[in-house]
Amino acid sequence: EEEEEDGRCSISHQTRCRLFRRLAIFGIGVVTAVVAYFISWCIDNLEKSYLRHLGTDGAGTAMSTTVYGRYVGFSLLFSVASFVPIAFVRPVAAGSGIAEAKTVLNGIKIPRCTELLSAACKGISVMFSVASSLPSGLEGPLIFIGMV
């Protein structure tokens, strides 16, 4: 189990390294899935809360101006909430995250890109942007969060 004379690792050491890598990759996948579930759960709860606050205002199926105004107000509020963490805390977390993940995995260092605060800002931003009905998805940000 020690190194052999020619400098190569023994087979059992290589097996342990492979097993550790596979367990680490599995753990990263599980953590990313838990984060994705949490973000989806938060999005669902945000959407349910603002739909509950909209109500129909006695207008039946037609949307009255007050209901529409509340809808626009909540959408603007959630849009601003998705903008603030990226603009003022971590500008490096802007964008989908796929390009940054490719760049970092190819060995190029982007300052502050692989910090947990960047991933948290990305998660908060995507949560509020999807809840505000902006055309965005979870795929790119989850690749970024998985890279961190």
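The rules behind the values
- Residues numbered from 1 in each chain as written.
- Predicted model: local features only at pLDDT ≥ 70, side-chain atom pairs only at ≥ 80, totals over all residues.
- Heavy atoms only, no water.
- Core = buried A, V, L, I, M, F, W, Y, C linked by side-chain atoms within 4.5 Å.
- Buried < 20%, exposed > 50% of the residue type's maximum accessible area, 1.4 Å probe, protein only.
- Helix = DSSP H or I, 4+ residues; strand = E, 2+ residues; numbered from the N terminus.
- Contact = heavy atoms within 4.5 Å.

Caption draft 1: Local environment of the nonpolar core. Ile-39, Ile-43, Met-127, Leu-138 and Leu-142 are the most contacted members of the largest nonpolar core, which has 17 residues in total. Listed by contribution, the elements that provide at least two residues to this core are helix 1 (11-54), helix 2 (65-89), helix 4 (116-131) and helix 5 (139-147). Per element, the largest residue contribution to this core is 7 residues, and it comes from helix 1. Among all residues touching Ile-43, those that are not within four sequence positions of it are Val-126, Met-127, Val-130, Ala-131 and Leu-138.

Caption draft 2: Layout of unusual backbone geometry. Positive phi, close to 65°, is recorded for Arg-112, a residue that is not glycine. On the secondary structure map, Arg-112 appears in the loop between helix 3 (98-105) and helix 4. Phi is positive for Ser-133, which is not a glycine, with a value near 70°. With respect to the secondary-structure elements, Ser-133 resides in the loop between helix 4 and helix 5.

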